[in-house]
Amino acid sequence: WIDGAPDKGDGPASSDGTTSNLRFPVRGAFYFANYDSAESWESVQHEPSLGWYSSTDPTVIRAHVNAMNYGKIDLSISTWNGPDIDRPKMRMLLDETTKQGESLKW
């Protein structure tokens, strides 16, 4: 878990005694959080529906988490380039996921 990230108490048993672990089948997605500059888009041939965005834009993160919830994604795995680079991005993703109140896990 990341220091400073919200803790929803959703380990093996929540504080109310219920479990919130994933149940199979699990629908998952891989999340690329590396689009922060013009250089990161160089190999992409088609413009995304959100335009040429930055992975650290709160509006983009909100839209992505919302889309994953809409698609009933249970689990998302994000790219990770180390704590010095990606810790702020992961905090933003986790905070937005908690704010939306859905069951998406990272």
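Throughout what follows, the structure given in this document is the object of discussion.

Counted by the stated rule, this structure contains six aromatic pairs. Consider the rings of Y35 and Y53, whose centres lie 6.3 Å apart with planes at 75 degrees: the pair is edge-to-face. With Y35 in the loop between β1 (28-31) and α1 (58-70) and Y53 in the loop between β1 and α1, this pair connects stretches of sequence that are 18 residues apart. Its relative accessible area of 15% is what places Y53 among the buried residues. Through pairs of rings, three or more aromatic residues link up here, namely Y35, W41, W52 and Y53.

Bringing the packing of α1 against helix α2 (residues 83-100) into the picture now. Between α1 and α2, whose axes approach to 10 Å, the crossing angle comes to 55 degrees. Taken together, the axes of α1 and α2 are oblique relative to one another. Crossing geometry of α1 relative to α2 is assigned as right-handed. Along the contact surface, α1 presents P58, I61, R62, V65, N66 and N69, while α2 presents M92, L93, E96, T97 and Q100.

What follows concerns the nonpolar core. Grouped together as the largest cluster of nonpolar side chains are nine residues: Y31, A33, I61, V65, M68, I73, M90, L93 and L104. Put simply, the parts of the chain that give this core at least two residues each are α1 and α2. Tallying contributions element by element places α1 first for this core, with three residues. In this view, L104 contacts V65, M68, N69, I73, D74, L75, S76 and T97; residues no more than four positions away in its chain are not counted.

Moving on, we come to the pattern of salt bridges. The tally for this structure, following the rule as stated, stands at two salt bridges. Between D36 and K89 there is a salt bridge, with its nearest N and O atoms 2.8 Å apart. Highlighted residues: D36 in the loop between β1 and α1 and K89 in helix α2, separated in sequence by 53 residues. A relative accessible area of 6% means that K89 is categorised as buried.

About the cut-offs
Every residue gets a number counted from 1 within its own chain, in the order that chain's sequence is written. pLDDT decides what is reported in this predicted model: residues at 70 or higher carry local features, side-chain atom pairs at 80 or more are listed and counted, and totals for whole chains, interfaces and linings draw on all residues regardless. Neither water nor hydrogens contribute to the side-chain values; these are computed over all heavy atoms in the structure. Two rings from Phe, Tyr or Trp (for Trp, the six-membered ring) form a pair when their centres are within 6.5 Å of each other. A pair whose planes differ by under 30 degrees is stacked, one over 60 is edge-to-face, and the rest are tilted. The helix and strand labels rest on DSSP assignments: H or I over at least four residues marks a helix, E over at least two residues marks a strand, and numbering proceeds from the N terminus. The cut-offs for exposure are 20% and 50% of the maximum accessible area for each residue type, with area from a 1.4 Å probe on protein chains only; residues under the lower value are buried, those over the upper are exposed, and the others partly exposed. To define axes, lines are fitted to C-alpha atoms, for helices over the stretch in contact only, and angles between the resulting N-to-C directions are given on a 0 to 180 degree scale. Throughout, the term roughly parallel applies to angles under 35 degrees, roughly antiparallel to angles over 145, roughly perpendicular to angles from 65 to 115, and oblique to all others. Should the near helix be turned anticlockwise from the far one by less than a right angle, the crossing is left-handed, and should it be turned clockwise, the crossing is right-handed. Any two residues having at least one pair of non-hydrogen atoms within 4.5 Å are treated as being in contact. Note on terminology: a nonpolar core comprises buried Ala, Val, Leu, Ile, Met, Phe, Trp, Tyr and Cys residues joined through side-chain atoms within 4.5 Å. Salt bridges are defined as contacts in which a side-chain nitrogen from Lys or Arg sits within 4 Å of a carboxyl oxygen from Asp or Glu.

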